[in-house]
Amino acid sequence: QVRLVESGGGLVQAGGSLRLSCVVSGMIFNIKNMAWYRQAPGKQRELVASITTNGITNYIGSVEGRFTNSRDNAKNTMYLQMNNLKPEDTGVYYCTTLTRMNYWGQGTQVTVSS
């Protein structure tokens, strides 16, 4: 019954911005820690950002200062604001729950051209 739906990906030039959304249903969102992962072509999936139930965030070094993870518990939604995008940010972005069992969305494609 748990469902995570990512949206907001697209094609953008280097230096541009995108905002991703992850809408969660089927679980009590406001007591769950959450995270964003991404997978570039030919590479393993990597952790990008995480956020606790009360909004404390952590980021992988390569995106720190450019990406901002946030959440709106009233809307059961997590966001990833991505600024100053670089070609190496290209990949499929997934949201997931940081729980005993990980639940994943279908992913949203982000493509950054040089």
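Our structure is the block above this text.
Caption draft 1: Just the packing of aromatic side chains, in detail. Taken as a whole, this structure holds two aromatic pairs when the rule is applied. Judged by centre distance (5.1 Å) and plane angle (70 degrees), the ring pair of Y37 and W104 falls under edge-to-face. Remark: W104 occurs in the loop between β9 (91-97) and β10 (108-113) and Y37 occurs in strand β4 (residues 34-39); sequence separation between them is 67 residues. Taking the centre distance of 6.3 Å and the plane angle of 85 degrees together, the rings of Y94 and W104 count as edge-to-face. With Y94 in strand β9 and W104 in the loop between β9 and β10, this residue pair connects regions lying 10 residues apart in the sequence. Given a relative accessible area of 35%, W104 falls into the partly exposed group. Among the aromatic residues, ring-to-ring pairing joins Y37, Y94 and W104 into one connected group. It is R71 that lies over the ring of F29; its NZ or CZ is 4.3 Å from the centre.

Thresholds applied
Residues numbered from 1 in each chain as written. Predicted model: local features only at pLDDT ≥ 70, side-chain atom pairs only at ≥ 80, totals over all residues. Heavy atoms only, no water. Phe/Tyr/Trp six-rings, centres within 6.5 Å; stacked < 30°, edge-to-face > 60°. Helix = DSSP H or I, 4+ residues; strand = E, 2+ residues; numbered from the N terminus. Buried < 20%, exposed > 50% of the residue type's maximum accessible area, 1.4 Å probe, protein only. Lys NZ or Arg CZ within 6 Å of the ring centre and 35° of its normal.

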